[in-house]
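Descriptive analysis of the structure
If you want the building blocks of each chain, they are given just below.
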Amino acid sequence: LMVTDVVMPGKSGKQLAEEIESKRPGMKVIYISGYTDDAMAHHGVLESGIVLVQKPFTPEFLLKRIREVLASPDCVQ
């Protein structure tokens, strides 16, 4: 499981996940962001099956989402 921000300096979280996924097929990803839907669409993370956690969030909420993603066969990177 990888947890990454959507917008980072130099590349998007989606680009990073794609690079790592080539070495770790089947890796699950949780994206986090404080940006609007428009910014996230630009970075390719509003597709079906993508897991997005909006900032701010509590540690408990993130842990809940991690458990859901790890248990779900439908979550993609």
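Residues numbered from 1 in each chain as written. Predicted model: local features only at pLDDT ≥ 70, side-chain atom pairs only at ≥ 80, totals over all residues. Heavy atoms only, no water.

Before going further, it helps to examine the overall build of the protein. Of regular secondary structure, the protein possesses three helices and three strands. What you see in the protein, going N to C, is helices and strands ordered as β-α-β-α-β-α. The buried share of the protein, reckoned over its 77 residues, is 34%. Just so you have it, the protein exposes about 4900 Å², and 56% of that area is on carbon and sulfur atoms. (Helix = DSSP H or I, 4+ residues; strand = E, 2+ residues; numbered from the N terminus. Buried < 20%, exposed > 50% of the residue type's maximum accessible area, 1.4 Å probe, protein only. Areas by Shrake-Rupley, 256 points an atom, 1.4 Å probe, with all protein chains shown as cover.)

It is worth spelling out the nonpolar core at this point. Counting residues in each nonpolar core, the largest one holds seven residues, listed as Met2, Val6, Ala17, Met27, Val29, Tyr31 and Ile50. Membership of the second largest hydrophobic core comes to five residues, among which are Ile30, Val51, Val53 and Val69. (Core = buried A, V, L, I, M, F, W, Y, C linked by side-chain atoms within 4.5 Å.)

Direction of pairing for strand β1 (residues 2–5) relative to strand β2 (residues 29–33): parallel, over a ladder of four bridges. Bridge assignment links Asp5 to a residue of β2, and that residue is Ile32. Of the crossover connections in this fold, the one passing from β1 over helix α1 (residues 13–21) to the parallel β2 is right-handed. (Pairing = 2+ DSSP bridges. Right-handed = clockwise from strand over helix to strand, strands pointing away.)

Turning to unusual backbone geometry, a few remarks are in order. In the segment running from Lys55 into Pro56, the intervening peptide bond is cis, with an omega of -5°. Note that Pro56 resides in the loop between β3 (51–54) and α3 (59–71).

It is worth spelling out the pattern of salt bridges at this point. When the charged atoms of two side chains with opposite charge come close together, those side chains can pair. If you walk through the whole model with that rule in mind, you get four salt bridges. Close ionic contact of Glu68 with Lys64 constitutes a salt bridge, the shortest N to O distance being 3.8 Å. One end of the pair is Glu68 and the other is Lys64, both in helix α3 and four residues apart, which spans about a single turn. Between Glu68 and Arg65 there is a salt bridge; the shortest N-O distance is 2.7 Å. A residue pair is termed a helical-turn pair when its members lie 3 or 4 positions apart in one helix, as Glu68 and Arg65 do in helix α3 at three residues. The structure contains a network of salt bridges with shared partners spanning Lys64, Arg65 and Glu68. (Salt bridge = Lys/Arg side-chain N within 4 Å of Asp/Glu carboxyl O.)

Note that every value here comes from positions in space, so none of it alone points to a role or purpose.
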